[in-house]
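So you can see what is in the structure, the chains are spelled out below.
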Amino acid sequence: MAFVSVKATAMAACFLITACGGPLQPPDQRADGPSVVASAATTDCTPGDAEQKVRDFVTAFDRHDMLAVDAAMSDALQWVSLTLPTGHEVAYGKSEALRYLARRAEAGDRWSIGVVQMTPERGWDRSFSFFFRMTLTRDGIAHATAGKGAAFCDRFPGVSVWSMGAP
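Everything numeric in this text was worked out from a predicted model, so none of it was measured.

1. Focus: the overall build of the protein chain
- When helices and strands are tallied, the protein chain shows four helices and six strands.
- N-terminal to C-terminal, the α/β element order of the protein chain is α-α-α-β-β-α-β-β-β-β.
- Of all 167 residues assigned to the protein chain, the portion counted as buried reaches 35%.

Next up, the structure:
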């Protein structure tokens, strides 16, 4: 079994991120939407602040308030996805995700959040990761779901990744 030093692993990760994804650019310089660029400025953003963004997102969707859903999603949103026994649905980018969620709201989907667990530290992009359990009601059937995602509470405030599924 070979052991790799933390320094070598970190250097390899930095190389892969740069080589595979190219340099991070400000949102206004990317054709495919905003990039997530870590800011040198720090705020007093806490895991609790980020958790509130998650709860605001779920509450807004459950009320079918698409203006509030839009406000609760980060401008750097990458995707919203849902996996049920009937199939997998995914929408990439904020505008596509907003259209997808509007269709689901119009169809009558309801969300009820249960547990949200935030990571205590921010990731490389300054977002907080989270895990959740909630109930999705679709076509009159309640599905116990679980999922994960990421949320910002400063530079690009709101939910930036949302993945949920039912076992």
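2. Some details on the environment of G149
- If you trace the backbone, G149 turns up in strand β5 (residues 141–152).
- Residues in contact with G149, not counting those within four places in the same chain, are F128, S129, F130 and V161.

3. Observations concerning the sheet that holds strand β4 (residues 128–138)
- The six strands lie next to each other as β2-β1-β6-β5-β4-β3, forming an open sheet whose pairing is mixed. Pairing within the sheet leaves two strands with one partner each, and these edge strands are β2 (87–92) and β3 (110–118). Averaged over all pairs of adjacent strands, the angle between their axes in this sheet comes to 20°, without regard to strand direction.
- Pairing geometry for β5 and strand β6 (residues 158–165), over seven bridges, is antiparallel. Bridging across to β6, A146 finds its partner in G165.
- The strands touched by helix α2 (residues 47–62) within the sheet are β3, β4, β5 and β6, with β3 carrying the most contacts at an inclination of about 170°.
- Against the sheet, helix α4 (residues 94–106) contacts β1 (79–84), β2, β3 and β4, and its axis sits at roughly 135° relative to β2.

4. With respect to the state of the cysteines
- For the structure shown, the criterion picks out one disulfide.
- Residue C45 pairs covalently with C153 via a disulfide, S to S 1.4 Å. Highlighted residues: C45 in the loop between α1 (6–21) and α2 and C153 in the loop between β5 and β6, separated in sequence by 108 residues.

5. Thoughts on the packing of aromatic side chains
- Inspection of the entire model under this criterion finds eight aromatic pairs.
- Between the aromatic rings of F152 and F156, the centroid separation amounts to 6.1 Å while the plane-to-plane angle is 70°, which identifies the pairing as edge-to-face.
- On the basis of relative accessible area, F156 is assigned to the buried category, the value being 8%.
- A connected cluster of aromatic rings, assembled from ring pairs, spans F57, F61, W111, F130, F132 and W162.

6. What to know about α4
- Look at α4: 18 Å from first C-alpha to last across 13 residues, which is about the 18 Å you get at 1.5 Å a residue.
- Those residues of α4 that sit buried are K94, A97, Y100, L101, R104 and A105. With its buried residues spanning 135° around the axis, α4 presents them on a single face. Among the exposed residues of α4, those pointing more than 90 degrees away from its buried face are R103 and E106.
- Each element contacted by the buried residues of α4 is listed here: α2, α3 (66–72), β1, β2, β3 and β4.
- Two residues or fewer after α4 comes G108, characterised by a positive phi angle close to 100°.

The rules behind each value
Residues numbered from 1 in each chain as written. Predicted model: local features only at pLDDT ≥ 70, side-chain atom pairs only at ≥ 80, totals over all residues. Heavy atoms only, no water. Helix = DSSP H or I, 4+ residues; strand = E, 2+ residues; numbered from the N terminus. Buried < 20%, exposed > 50% of the residue type's maximum accessible area, 1.4 Å probe, protein only. Contact = heavy atoms within 4.5 Å. Pairing = 2+ DSSP bridges. Axes fitted to C-alpha atoms, helices over the stretch in contact; angles between N-to-C directions. Disulfide = S-S within 2.5 Å. Phe/Tyr/Trp six-rings, centres within 6.5 Å; stacked < 30°, edge-to-face > 60°. Expected span 1.5 Å × (residues − 1). Arc of directions from axis to C-beta.

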